[in-house]
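Notes for the structure review
Read off the chains here:
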Amino acid sequence: MTLTKDHLITSIGNRLGISRFESSRIIEAVLETVKSSLSDGEDVLISGFGKFIVREKAARRGRDPQTGQDLTLEPRRVITFKCASVMRDRINGKG
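First, a word on what this report is: a plain description of the structure on this page. (Residues numbered from 1 in each chain as written. Predicted model: local features only at pLDDT ≥ 70, side-chain atom pairs only at ≥ 80, totals over all residues. Heavy atoms only, no water.)

**Topic: the pattern of salt bridges**
Here the structure, examined in full by the defined rule, presents six salt bridges. A salt bridge links Arg25 to Glu22; the shortest N-O distance between them is 3.6 Å. One end of the pair, Arg25, and the other, Glu22, are both in helix 2 (residues 20–39), three residues apart, so they sit about a helical turn from each other. A relative accessible area of 33% places Glu22 in the partly exposed class. (Salt bridge = Lys/Arg side-chain N within 4 Å of Asp/Glu carboxyl O. Helix = DSSP H or I, 4+ residues; strand = E, 2+ residues; numbered from the N terminus. Buried < 20%, exposed > 50% of the residue type's maximum accessible area, 1.4 Å probe, protein only.)

Given below as structure tokens:
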């Protein structure tokens, strides 16, 4: 099962004993803060969970799969995630 934003909202509301509206506001605020930081090129570190890292990809040669024509792919930014060792241990049943 995939954990969705709706599941997070419900879980936070139940754990903290707050309304669905309030938990929704909390989740939205956290996600907006993370998105804003990543958009600005800043990494996001959540201790005990992991780090979202913004990486720069250089321009590179590519090929159009339909026509086979060579083309240049523009430089871009991508987000990678590095799991914290605490989380990795928990996922692997060591914590």
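**Examining the sheet that holds strand 2 (residues 50–57)**
The strand order 1-2-5 describes an open sheet built from three strands, whose pairing is antiparallel. The outermost strands of the open sheet, each flanked by one partner alone, are strand 1 (44–46) and strand 5 (76–83). Each adjacent strand pair in this sheet contributes to an overall mean axis angle of 20 degrees, direction not counted. Looking at chain direction, strand 2 and strand 5 are connected through eight bridges and run antiparallel. By the bridge assignment, Gly50 is partnered in strand 5 with Cys83. (Pairing = 2+ DSSP bridges. Axes fitted to C-alpha atoms, helices over the stretch in contact; angles between N-to-C directions.)

**What about the side chain of Ser37?**
Position of Ser37 relative to the elements: it lies in helix 2. Accessibility expressed as a relative area gives 17% for Ser37, which makes it buried. If we ignore the near neighbours within four places in the chain, the residues touching Ser37 are Glu42 and Val44. (Contact = heavy atoms within 4.5 Å.)

**Some points on the side chain of Ser23**
Tracing the chain through its elements places Ser23 in helix 2. You can call Ser23 buried: its relative accessible area is 0%. Looking at Ser23, its side chain comes within polar contact range of the main-chain oxygen of Ile9, at 2.9 Å. At a separation of 3.0 Å, a polar atom in the side chain of Ser23 contacts the main-chain carbonyl oxygen of Arg20. (Polar contact = N/O pair within 3.5 Å; in protein donor to acceptor, adjacent residues only side chain to side chain.)

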